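Spelled out, the chains give:
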Amino acid sequence: MEIVTKLIFVLQILYFIISDDVCSSDAQLMSCLKSDREALLDFKSGLEDPENVLSSWRGSSCCQWRGISCENSTGAVVAVDLHNPHSQMYGSSSSSRYGFWNLSGEVRPSLTKLKSLRHLDLSFNAFNNIPIPEFFGSLKNLQYLNLSNAGFSGLIPPNLGNLSSLQYLDVKSFSLFVGNLEWITGLISLKHLVMDGVDLSMVGSNLIRVLNSLPSLTELYLSSCGLSGSIPSLATVNLTSLVAIDLSSNNFNSKIPDWLVNISSLVMVDMSNCGLYGRIPLGFGELPNLQVLHLAGNNNLTASCSELFRGRWEKIQVLDLASNKLHGKLPPSFGNLTSLSYFDLFSNNVQGGIPSSIGKLCNLKFFRMSGNNLTATLPDFLERSHKCLSKSPLASLQYLYLSNNQLVGKLPEWLGQLKSIVELSLDYNSLYGPIPASLGSLQNLTSLGLSGNRLNGTLPTSLGQLSELSFFDVSSNHLSGLVLEKHFQKLGKLKIVHLSSNSFTLNLSSTWVPPFQVVNLDLGSCHLGPFFPAWLKSQKDVNYLDLSNASISDTIPNWFWEISSNLLLLNVSINQLEGQLPSPFNIAPFADVDFSSNLFEGPIPLPIAEVELLDLSNNKLSGFIPENISDSLPDLIFYSLSSNQIEGEIPATIGKMKSLQVIDLSSNNLTGSIPSSLGNCFYLKALDLSNNSLSGFVPDSLGLLSLLQTLHLSNNKLSGEIPSSFQNLSSLETMDLGNNRLKGSISSLIGEGKAFRNLRILRLRSNEFSGELPSLVSNLSSLQVLDLAENHLNGTIPASLGDLKAMKQVQIINQYLFFGKYRGMYYEDNLFVTVKGQNLLYTKLLSLVVSLDLPGNNLSGDLPAEITNLQGLVVLNLSRNHITGSIPEGISKLEELSSLDLSTNRMSGPIPQSLSSLSFLGHLNLSNNNFSGMIPYTGHMTTNDASSFAGNPGLCGDPLDVKCPGDHDDNYNDDNKEWTSNDDSNDGFIDNWFYLSVGLGFAAGLLVPYFILSMRKSWSDAYFDFVDKVVERLPLLGRRRAMHRKSRGVDHR
C-alpha cells in the first residue's frame, strides 16, 4: 500500500503543478466566467483563513487564483484544489496540525454553481467536525472528490451516490461513519475508493456484495473501519480490474476468501491485523502481477514454508507475514523469489535455518526472521546468481534481523561482506566462537546486536573502524580480554554501548577523551576499577549509565554530580563505593537510581528532582527516614532501604506517596508502630518491613491494599490479632508474619478461604496462635507453603489438608516471584524454609518449594492418610506435637519429599518398607516416638544414621546397635516378628573358634586348681573347708528368696 500511496501523492502534485501552469498561461488570454468567480468569492466568504492562503483570490481573473483550474476553451472552473500541501510534513490530527495552512469555517453551497466542476480537494484542513455538506451530492460532473482528514465528522451523506461520474473518492477519517453502503452502487464510474478509518461497523457482511457491483474499481482502501465477521464468498467476482486492496486493521475473524486469489490483476494486498485464521492460500504465489502482500499480525494464519515458497511469486517485492503461525523450513526454492526486496517472518514458528540460496536475491533489502525456532547454523557460504550485477553476496541487503531464535554455530565470514548492511541483529541465539574481525569492514553499519549468545574470545579492534556505528550491543556473552581505546577509535557517532555481562577489562587511560558522546552506556559486570572512570567526565549527553558490579572501590567524584543531571538511569550497585552521598544529589526528573550493595554511609540522601525508583539497600546508611520524604519523592514507585542501619519510626507521611508499588524497609533498626497511612498507597504490590523492632497492632488499613501481592512483617514485636480486613487482600500471594507476638485463631484469619485464592505462602510460625487448624484451609487452592510452627494450635490435623490443590501437584515450572516490576527493577520474593533441619533462604527457586510445617504445637490424633495425596510435597515437618497412630503406607506416593520430620510425637507401629523407595529423601527424623519392629534399612534409607531413629525402644536393626529378636535363627516369621540369622561361612568360622575357646577355658579352670592343691596339703584343706561352709548355707539362701518373692506378690496385688 505504501508504494501505491506514494504514487498517488506524486500524481496529485503533478496535477497541481500542471493545473497551475495551465491556469497561469491561459489566464492572460481568457478570464473566468463571472458566475464562477462570484460563486468562488461566496465560497471564500464562509471560510476562516488565519494564514491568509487565499490572498490571491481577488480581481477578475479567477483562473489565476491559488488552487483554481479552468477549462481552456470556456474559462469555466473545473478544479478547486485547496488541500494542505504540508500534510506530509505535519501529519497530526489537531486543528493546528499542519501549520502554514489551516482552512476551516463553513463550506458554502455556492460551489454548486460551478457547473463544470470536476475536481474538488479539501483534504488535510481543519473544518472542526462539521458534517460533510449534503449539496456535494449535487455536483453532477464531479470526477475527483478528496475530503481526507479535512476535519469533517458524522454521517457520510448517502446522496454522494448520485455522483455517477465520480472516479476518485477519498473520505479517510476517524470521525466519519456510514450507516448503509447501498448508495455506493450508484458510483458506477468509481475506480479509486479510500475510506480508511471510517466507521463501517453497521454495514455488516453486505459490504463485499456492494463493492462487487463496482466493475471499474481498481483500488480499495478500507483500513481500520471496524469491520467484523466472516468475509463472504462470491459466486461471481466482478472486481476483475482490482489492483490494490487494503482491509488491514479490522477484526474479521475469517479465513482468506478463495475468490481473492482469483483476481489476476492484483498488485497489492494488505490484510494485516485482521483477525484472519486458517491456511494462507497457495494461489497468492501464482498471481502474475502481485508485488506486495501484507498478512502480518493475524496471529492464526498458517502455512508450510516449504509449500508456500514453492510458488512462482513472479513479481513479488514485499512479503510481510509477521506474527502468524507459519511452520516448516525455508526451502532452497526461496532463492527463486528474485524480485523480493522486503521479507518479514517475525514471530512465527519456522524451523531449520536460512537456505544458502538466499544469496541469489539480488534486490533483497530487508530480511527479518526474529522470534522463530531456527535451530541450524548460518550457511557457511551463499549461492550466487549470474543475474546479480555485484559479485558480493546480498549486495543490496540493508537490514538483517535473526534475533530470538536458537541458531548455533559460528558467525560465518560472509557477514563481513554485506557491504550495504545498515542494521545487523543476531541477539539471543546460541551462537558461539569469536566475533569475525571482518565485521569491521562494514562501513555502512549503524547497528550491531550480538547480545545473549555464547560468543567467546576477545573483541576485535577492527570494530573501532565502524565510523557510522551508533548502536553496539555484545552484552551477555562469554567474551573476555581487554577493551582498549583503539576499540573506539573512529566511533564518533556511537550513542548506545552495551558491554555488560561479559568478562571485559576496560584498560582506558584516565586522560582519555572518547570520540563519541554516548547516550546509553551499559558496562555492568565489566572490570572498571578500582578507580571511578575519569573518562566519563567528558560524557555530557549520557542518559542511561550502568556501572554495576564493576569492581570499583572508590568514592564518587564531585565532578560526576555535575554531569548527572541528564541521567534517567543510574546504576552503580554491587561495588565497593564508599563515602557519603550528597543530599540532594543531581539527577534527571523521574529517573531510576540504584545505589544498592555498596559501602555508602551517612544519612539517607534525597534527589534534587523527584525520581520514580530509588534503591539504597545493603549499605551502611544510618539516621532516620526523612519526615519530608513525600514532598521530595511524591511520585516514587519503588523504594528500598533494606539492610542498612536506619532507626526511628516510619513517618506517617509515607502514606502520601500514592504511586508506591514497592516499599522495602526490612533489616534495619526501625521502632514504633506500622503507620496506618500505608493503607493509602493503593498501588502497593510489595511491602516488606521484616527484621526490625516494630511493635503494636497490625493496622486495619492494610486490608485496603487490594493490589498487594507480597507482605512480609516477620521478625518484629507485633502483637494483637490479624485484622479481619486482610480477607480483602484478594491479590495476596505471600503472607509472612512469623516471629512476632500475634494471637488469635487461624480460622478467623482465613474465614472460608475464598479471599485468598492466590495465596501461595502462609507463614505464621513462632507466634501465639491457638485453636484448631480449620478444615476450610483446604480452600486455599494456590497454597504451596504452610508454616504454622511454634504456636499453640491443638486438635487434630484435618483430613481436608489432603485437598490442598497446589500441594497435590508437582511443581516443575520455575516462576520467578518478582513483584512491582517496573522498568527493570522489582521486589524479589524470599522466604526462609526449614529444610533438613536448617533454615534455608529461597528466592529464585521459591516457586518450586512445597512445604507443610506444623512442628512445636499441641496437635494430636492420628496422622490422616489423606496427607499422602499431597504428591508435590518437598518438606513435611510435624515434629514436637502429640500425634499418634502409624505412618500411612501410602507415604511412598510423596516422591518429591526431600525432608520428613515426625520426631517427638507418640506415633507407633512399624516403619513402612515403602519409605525406603523415596529417592529424594535426604533428611529423615523419626526419633522419640514409639515405633517398633525392624528398620527397613535398604535403598535410600541407608543415608540416615542412628539419630534419625533414636528414642524408639521398639525399633531394632541397622543403623541402631539394638539387634532384632531371633537374629540367630535361620528364618524370620514376619507375622511373629521373629528374625533368624543368615550366617555365612565367615560367621561359622568365628563360632567354631568361640566354642573351642570355651572348651579350653573350661579345661583350664579344672586342671589348674587341681595341680595347685596337689602341691601342698594345707592349701587343699583350707579350700575344701570353704566349700563345705558354702554348701551348708545354700538351703538358707533359698528360703529367703522364696519369702522375698511372696512379699512382692502381695504388694503387687
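Below or above, wherever it landed, is the structure these notes cover.

### Considerations on the overall build of the protein chain
Right, so step 1: Along the backbone of the protein chain there are 10 helices and 66 strands.
Right, so step 2: A total of 1053 residues make up the protein chain; the buried ones form 51% of that total.
Right, so step 3: Summarising the internal contacts of the protein chain: among those between residues at least 6 apart in sequence, 56% fall at separations of at least 24.
Right, so step 4: Carbon and sulfur atoms form 51% of the exposed surface of the protein chain, whose accessible area is close to 46,200 Å².

### What to know about the state of the cysteines
As used in these notes, a disulfide is a covalent bond between sulfur atoms, one from each of two cysteines.
Right, so step 1: Summed over the entire model, instances satisfying the criterion amount to four disulfides.
Right, so step 2: Cysteine 32 shares a disulfide with cysteine 62; S-S distance 1.8 Å. Taken together, the residues span a long stretch of sequence, with cysteine 32 in the loop between helix H1 (2–27) and helix H2 (34–45) and cysteine 62 in the loop between strand S1 (47–48) and strand S2 (68–70) at a distance of 30 residues. For the pair cysteine 32 and cysteine 62, a shared accessibility class is recorded, and that class is buried.
Right, so step 3: Numbered by order of appearance in the sequence, the disulfide-linked cysteines of the protein chain pair as 1-2, 3-4, 5-6, 7-8.

### Focus: the sheet that holds strand S66 (residues 954–956)
Right, so step 1: One open sheet holds the three strands; their spatial order is S63-S65-S66, and the pairing between them is parallel. Only two strands of the sheet have a single partner each, and these edge strands are strand S63 (908–909) and S66.
Right, so step 2: Sheet topology note: the S63/strand S65 (residues 930–934) ladder contains two bridges and is parallel. Bridge pairing links serine 908 to asparagine 930 in S65.

### What to know about the sheet that holds strand S43 (residues 669–670)
Right, so step 1: Pairing is parallel across the open sheet formed by five strands, whose spatial order is S35-S37-S39-S41-S43. Whereas interior strands pair on both sides, the edge strands pair on one side only; in this sheet they are strand S35 (578–580) and S43.
Right, so step 2: The pairing of strand S41 (residues 645–648) with S43 spans two bridges and is parallel. Looking at S43, one finds that glutamate 647 is bridged to asparagine 669.

### Some points on the packing of aromatic side chains
Right, so step 1: The full count for this structure, using the stated rule, is 28 aromatic pairs.
Right, so step 2: Ring centres 6.4 Å apart and planes at 20° place the aromatic pair tyrosine 399 and tyrosine 401 in the stacked group.
Right, so step 3: Residue class for tyrosine 401 comes out buried when judged on its relative accessible area of 17%.
Right, so step 4: Between tryptophan 561 and phenylalanine 595 the ring centres are 6.4 Å apart and the planes differ by 65°, which places this aromatic pair in the edge-to-face class. In this pair, tryptophan 561 is assigned in helix H5 (residues 560–563) and phenylalanine 595 in the loop between strand S36 (592–594) and strand S37 (599–602), connecting sequence segments 34 residues apart.
Right, so step 5: Assessed through its relative accessible area of 11%, tryptophan 561 is described here as buried.
Right, so step 6: Of the residues examined, phenylalanine 595 reaches a relative accessible area of 0% and is grouped as buried.
Right, so step 7: Each residue in the set Phe532, Trp559, Phe560, Trp561, Phe585, Phe595 and Phe600 is aromatic and connected to the rest through ring pairs, giving one cluster.

### A short note on the environment of aspartate 81
Right, so step 1: By the secondary structure assignment, aspartate 81 is in strand S3 (residues 77–81).
Right, so step 2: A relative accessible area of 6% places aspartate 81 in the buried class.
Right, so step 3: Expressed as a C-alpha distance, the spacing of aspartate 81 and isoleucine 68, which sit 13 residues apart in the sequence, is 6.5 Å.
Right, so step 4: Looking at aspartate 81, its side chain comes within polar contact range of the side chain of histidine 83, at 2.5 Å.

### A look at the pattern of salt bridges
Working definition: two side chains of opposite charge can pair if their charged atoms are close together.
Right, so step 1: A full pass over the atoms with the stated rule returns 18 salt bridges.
Right, so step 2: Put simply, arginine 760 and glutamate 733 hold a salt bridge, and the shortest N to O gap is 3.0 Å. With arginine 760 in the loop between helix H7 (746–750) and strand S50 (761–763) and glutamate 733 in the loop between strand S47 (717–721) and strand S48 (734–736), this pair connects stretches of sequence that are 27 residues apart.
Right, so step 3: Looking at arginine 760, the relative accessible area reads 16%, which means it is buried.
Right, so step 4: The class of glutamate 733 is buried, set by a relative accessible area of 15%.
Right, so step 5: The residue aspartate 853 makes a salt bridge to arginine 765 at a minimum N-O spacing of 3.2 Å. Residue aspartate 853 is located in strand S58 (residues 851–853), and its partner arginine 765 is located in the loop between S50 and strand S51 (768–772); the two are separated by 88 residues in the primary sequence. Neither aspartate 853 nor arginine 765 differs from the other in exposure class; each is buried.

### Considerations on unusual backbone geometry
Right, so step 1: Here the residue pair glycine 529 and proline 530 is connected by a cis peptide bond, since its omega of 5° sits within 30 degrees of zero.
Right, so step 2: Within the secondary structure, proline 530 sits in the loop between strand S32 (520–522) and strand S33 (544–546).
Right, so step 3: Note the cis peptide between aspartate 958 and proline 959, where omega equals 5°.
Right, so step 4: Here the phi dihedral of phenylalanine 124 falls at roughly 60°; this positive angle occurs in a residue that is not glycine.
Right, so step 5: Examined against the element boundaries, phenylalanine 124 turns out to sit in the loop between strand S5 (119–121) and strand S6 (144–146).

### What about H2?
Right, so step 1: Here H2 contains 12 residues, and its C-alpha end-to-end distance of 17 Å stays within 8% of the 16 Å for a straight helix at 1.5 Å per residue.
Right, so step 2: Among the residues making up H2, those that are buried are Asp36, Arg37, Ala39, Leu40 and Phe43. In an axial view of H2, the angular spread of the buried residues amounts to 160°, which keeps them on one side of the axis.
Right, so step 3: Residues of H2 that are buried sit in contact with S1, S2 and S3.

What counts as what
- Residues numbered from 1 in each chain as written.
- Predicted model: local features only at pLDDT ≥ 70, side-chain atom pairs only at ≥ 80, totals over all residues.
- Heavy atoms only, no water.
- Helix = DSSP H or I, 4+ residues; strand = E, 2+ residues; numbered from the N terminus.
- Buried < 20%, exposed > 50% of the residue type's maximum accessible area, 1.4 Å probe, protein only.
- Contact = heavy atoms within 4.5 Å.
- Areas by Shrake-Rupley, 256 points an atom, 1.4 Å probe, with all protein chains shown as cover.
- Disulfide = S-S within 2.5 Å.
- Pairing = 2+ DSSP bridges.
- Phe/Tyr/Trp six-rings, centres within 6.5 Å; stacked < 30°, edge-to-face > 60°.
- Polar contact = N/O pair within 3.5 Å; in protein donor to acceptor, adjacent residues only side chain to side chain.
- Salt bridge = Lys/Arg side-chain N within 4 Å of Asp/Glu carboxyl O.
- Expected span 1.5 Å × (residues − 1).
- Arc of directions from axis to C-beta.

Honestly, that's just the spatial picture; any functional story needs more than this.
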